[in-house]
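Observations on the model geometry
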Amino acid sequence: MSEHHHLEPLARRWSKYSSKFTPADRDAVLALPYERKTFGKDAYLVREGERATVCMMLLRGFAFRQKLMSDGDRQIISFHIPTEFVDLQNGLLGVADHNVQSLNHSEVAVIPRTALMELAEERPSIRLAMWVDTLIDASIFREWVVNVGRRDSRARIAHLLCELAVRLERIGAGRAGTFDFPLTQEQLADATGLTAVHTNRTLQSLRRDGLIQLTNGILRVLDWDGLREVGDFDELYLHHKV
Amino acid sequence: MTIGDSLALFLHDLQAHSPLSADDRQAILDLPMRLRRLDAGTYLVREGDVPTHCCILISGFAYRQKLTGQGSRQIIAVCIPGDAIDFQNMFLDISDHAVQTLTGTVVADIPRAALQALVLSRPAIGAAVMRSTLIEASIVREWVVNVGRRDARTRIAHILCEFAARLEARGLASEDSFELPMTQEQLADATSLTPVHVNRVLRGLEAEGLISRQRRNVRFADWRALQDVADFSRRYLHLPGEDELEVAAI
């Protein structure tokens, strides 16, 4: 298999979860059937209430999960970056309990649900890997409850920036503290339970304090330690050492 | 109480979404486990712990929590009888939050390695337990929404509806009433409000005739109206039968 196989990053991540992950497991991941599909900004990848027939892994671009209130308010529940699944839980749960939207122009690998579930059933190491992926998702959701529930606006925004920066760095998408950052202020607001105006003011204060620079979709972290401190950020919950 | 009796709720809950063969059920009952009786306020897991055991809540209630650097507490979930307390730690090597008992409880401790071996060697059990952890994650997502985008009255009504619906699914609530073993301070930490605010909202819901309270007992005087106030839909609980009903209706 070539280095450019689209599922290669997935096989690589999953191989790190267990010492029992064999070359045959890797080949089985790379042999999964998939289709590449592109989505425009804000396009829906998954809609709440839909029965899942596929699971989707991001190849390019960002996506986010969200739920809508009956009055139309939106809460973003997580952001996703390349190599991550946006809906792996639907493989087992069957029905989507929230929406997933493309954040910018994105490309995903669409994998038939049955193929993925069969692989998990046949191969314990892959079952474990899928499980770990969803457990890490769940840990991030827990941290978000804390973030939205008990941190002030400055800490909330700083925490979210830290989280995304660490995750992007981990997939090799950032260099020297500089990241592609296509999130709008409205999306940041919907992810932190703030208003867009409040978000804007908070970003300005982080900038004034020399912690970050955010221009034209590029985030630069100027003072890592400072941003972490303001954001009350401890990356334990990302379980990167699994 | 035999192990079978102790695990009846846990097994019932698993099988509600993932039917298991007699053989698989027996394999779960054969897990090495030890029952422990604990007082209210006992830590079952602490953040940063490296787990050697996982446990199932046999009776009583517990809650998951995290502390911020400033020492504020956020409750992230309430565990009810039959819930696995920390099965996420089966495959994550370090606990990312703490779990504390809300009431006096009985828990069953299972060595982590035995549990890992069981879910990896038996695909049906693996899928069943994984589905439970996924439902747990779905509830956490809903809590992000609850504290993020709902006003105080809706938040409190929502947490009451969720609690009632979950207890009912386990056969632990009578028609329209259940015991809510949380103090107003704990309810405040679960909804990111102050205890004073929680008290005001509860009195308001009572004045509107939506709920009535007697000590720890909450009664839903008007269940349908409370669900409307709460903006409550059961979909995220993935209760048995609901997903199928929904798909059939499409």
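What you see is a predicted model; the values in this text were computed from it and never measured. (Residues numbered from 1 in each chain as written. Chains lettered and ligands numbered in written order. Predicted model: local features only at pLDDT ≥ 70, side-chain atom pairs only at ≥ 80, totals over all residues.)

**What to know about the overall build of chain A**
- Within chain A one finds 9 helices and 11 strands.
- Taking 2.2 N^0.38 as the reference for a compact globule, 242 residues should give roughly 18 Å; the C-alpha atoms of chain A span a radius of gyration of 18 Å, in line with that estimate.
- Considering chain A as a whole, with its 242 residues, one finds that 52% of them fall into the buried category.
- Sequence separation of 24 or more characterises 73% of the internal contacts of chain A that already satisfy a separation of 6 or more. (Helix = DSSP H or I, 4+ residues; strand = E, 2+ residues; numbered from the N terminus. Rg over C-alpha atoms; globule rule 2.2 N^0.38 Å. Buried ≥ 20, exposed ≤ 12 C-beta atoms within 10 Å, placed from the backbone. Contact = placed C-beta atoms within 7 Å.)

**Thoughts on the domain arrangement of chain B**
All names here are of chain B.
- Along its sequence, chain B is carved into domain 1 (3-143) and domain 2 (151-249).
- Opposite the 19 residues of domain 1 that make contact, domain 2 presents 15 residues.
- Of all elements in the fold, only α2 (8-17), β5 (73-79) and α5 (123-149) reach the threshold of two or more residues within the side of domain 1 that touches domain 2.
- Ranked by the residues each element gives to the side of domain 1 that touches domain 2, the list is headed by α5, at 5 residues.
- Partitioned by chemical class, the residues of the side of domain 1 that touches domain 2 number 10 nonpolar, 5 polar and 4 charged. (Domains from an automatic or database assignment. Nonpolar A, V, L, I, M, F, W, Y, C, P; charged D, E, K, R; others polar.)

**Topic: the domain arrangement of chain A**
All names here are of chain A.
- According to the domain assignment, chain A contains domain 1 (8-133) and domain 2 (151-238).
- A C-alpha centroid distance of 25 Å is found between domain 1 and domain 2.
- Taken together, the contact pairs 11 residues of domain 1 with 11 residues of domain 2.
- Per-element tally for the side of domain 1 that touches domain 2: the top contributor is strand β5 (residues 74-80), with 4 residues.
- Here the residues of the side of domain 1 that touches domain 2 sort into 7 nonpolar, 3 polar and 1 charged.

**Some points on the nonpolar core**
- In terms of nonpolar packing, the biggest core is built from 149 residues, with Val 145 and Leu 161 of chain A together with Ile 56, Ile 85, Val 144 and Leu 160 of chain B touching the most fellow members.
- Per-element tally for this core: the top contributor is helix α5 (residues 124-150) of chain A, with 15 residues.
- Once residues lying within four places of it in the same chain are set aside, the contact partners of Val 145 of chain A are Gln 74, Ile 76, Val 140, Trp 143, Val 144 and Val 147 of chain B. (Core = buried A, V, L, I, M, F, W, Y, C linked by C-beta atoms within 7 Å.)

**Thoughts on the environment of Asn 147 of chain A**
All names here are of chain A.
- In this structure, Asn 147 sits in helix α5.
- For Asn 147, a count of 29 C-beta atoms within 10 Å translates into the label buried.
- C-alpha of Asn 147 to C-alpha of Tyr 237: the two residues are 90 residues apart in sequence and 12 Å apart in space.
- Each residue touching Asn 147, except ones within four places of it in the same chain, is listed here: Arg 156, His 159, Leu 160 and Thr 192.

**A closer look at the pairing of strand β10 (residues 217-220) of chain B**
Residues and elements named next belong to chain B.
- What you see with β10 is a clean split: Val 218 and Phe 220 sit on the buried side and Asn 217 and Arg 219 on the side with no burial.
- Looking at chain direction, strand β8 (residues 177-179) and β10 are connected through 3 bridges and run antiparallel. Opposite Glu 179, over in β10, you have Asn 217 as the bridge partner.
- One ladder, built from 4 bridges, connects strand β9 (residues 211-214) with β10; its direction is antiparallel. Bridge pairing links Arg 213 to Val 218 in β10.
- In this structure, the hairpin formed by β9 and β10 is closed by a connection of 2 residues, where Arg 215 is found at a positive phi of approximately 50 degrees. (Pairing = 2+ DSSP bridges.)

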